[in-house]
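What the coordinates show
Here's the letter readout for the chains.
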Amino acid sequence: MNFSPWRIVDDCGGAFTMGAIGGGIFQAVKGFRNSPSGMSHRMRGSLTAIKTRAPQLGGSFAVWGGLFSMIDCGLVKVRGKEDPWNSITSGAMTGAVLAARNGPVAMVGSAAMGGILLALIEGAGILLTRFASSQFPTGESLLMQPNDQSSVISGL
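These lines cover the structure that appears in this document, whether it is placed above or below. (Residues numbered from 1 in each chain as written. Predicted model: local features only at pLDDT ≥ 70, side-chain atom pairs only at ≥ 80, totals over all residues. Heavy atoms only, no water.)

1. Notes on helix H3 (residues 84–98)
Helix length check: H3, at 15 residues, gives a terminal C-alpha distance of 21 Å against a target of 21 Å (1.5 Å per residue), a fit within 8%. Among the residues of H3, those classed as buried are Asn-86, Ser-87, Ile-88, Ser-90, Gly-91, Thr-94, Gly-95 and Ala-96. As for H3, its buried residues are in contact with helix H2 (39–79) and helix H4 (104–135). (Helix = DSSP H or I, 4+ residues; strand = E, 2+ residues; numbered from the N terminus. Expected span 1.5 Å × (residues − 1). Buried < 20%, exposed > 50% of the residue type's maximum accessible area, 1.4 Å probe, protein only. Contact = heavy atoms within 4.5 Å.)

Structure representation (structure tokens):
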């Protein structure tokens, strides 16, 4: 895989959508709970909170997703291969860049959190892939299994 601006735009849009929907749900509950009693007040408060905060959260997610995708594509281009280390490094670098305004200590902390988070995500993906592939044996492993029907027939 090589550098693709369409992948970056796609990841940025997906991150915005995820942040806006997730933020909308969270803000709906928060706005409902923090409004005065009465269903009409609570519904209006919920809708106001969604309209106010969900786009901001979506934008924050989009910035993170776009920067992560740019760094990831750059690492794929520089290293010449696509593996979990690209994503882990991209998460760490994204965390560091976004925390740069808060100083070097914040950058190191955010880089560590980003790297750890992406390592957990990548590790879970690898485990899930291995688990799913073991559920469906390939042709070679089917040939290696003993024929259970022959023992049933000989036991008759």
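2. Some remarks on the pattern of salt bridges
This structure, assessed with the given rule, holds three salt bridges. Here Arg-7 ties to Asp-11 by a salt bridge, and the two come within 3.7 Å at their closest N and O atoms. One end of the pair, Arg-7, and the other, Asp-11, are both in helix H1 (residues 5–33), four residues apart, so they sit about a helical turn from each other. Looking at Asp-11, the relative accessible area reads 27%, which means it is partly exposed. The salt bridge involving Arg-7 is made with Asp-72; its shortest N-O contact spans 2.6 Å. On the criterion of sequence distance, the pair formed by Arg-7 in helix H1 and Asp-72 in helix H2 is long-range, its members being 65 residues apart. By the burial criterion, Arg-7 is buried, and Asp-72 matches it. The network of salt bridges with common partners includes Arg-7, Asp-11 and Asp-72. (Salt bridge = Lys/Arg side-chain N within 4 Å of Asp/Glu carboxyl O.)

3. What to know about the environment of Gly-14
For Gly-14, the position within the fold is in helix H1. For the pair formed by Gly-14 and Ala-62, sequence separation is 48 residues and the distance between their alpha carbons is 7.6 Å.

4. Quick notes on the layout of surface pockets
As a volume, the largest pocket reaches approximately 400 Å³. If you go around the largest pocket, you meet 18 residues; those closest to its centre are Met-18, Trp-64, Gly-65, Phe-68 and Leu-118. At the level of elements, H1, H2, H3 and H4 are the ones that each hand at least two residues to the lining of the largest pocket. Its residues assigned to classes, the lining of the largest pocket shows eight nonpolar, seven polar and three charged. There are two domains that each give the lining of the largest pocket at least three residues, and those are domain 1 (1–80) and domain 2 (83–136). (1 Å grid on protein atoms, 1.4 Å probe; cavity = no way out; pocket = protein on both sides within 12 Å on 5 of 7 lines; lining within 4 Å. Points joined across faces, edges and corners; volume = space filled by probe spheres on them. Nonpolar A, V, L, I, M, F, W, Y, C, P; charged D, E, K, R; others polar. Domains from an automatic or database assignment.)

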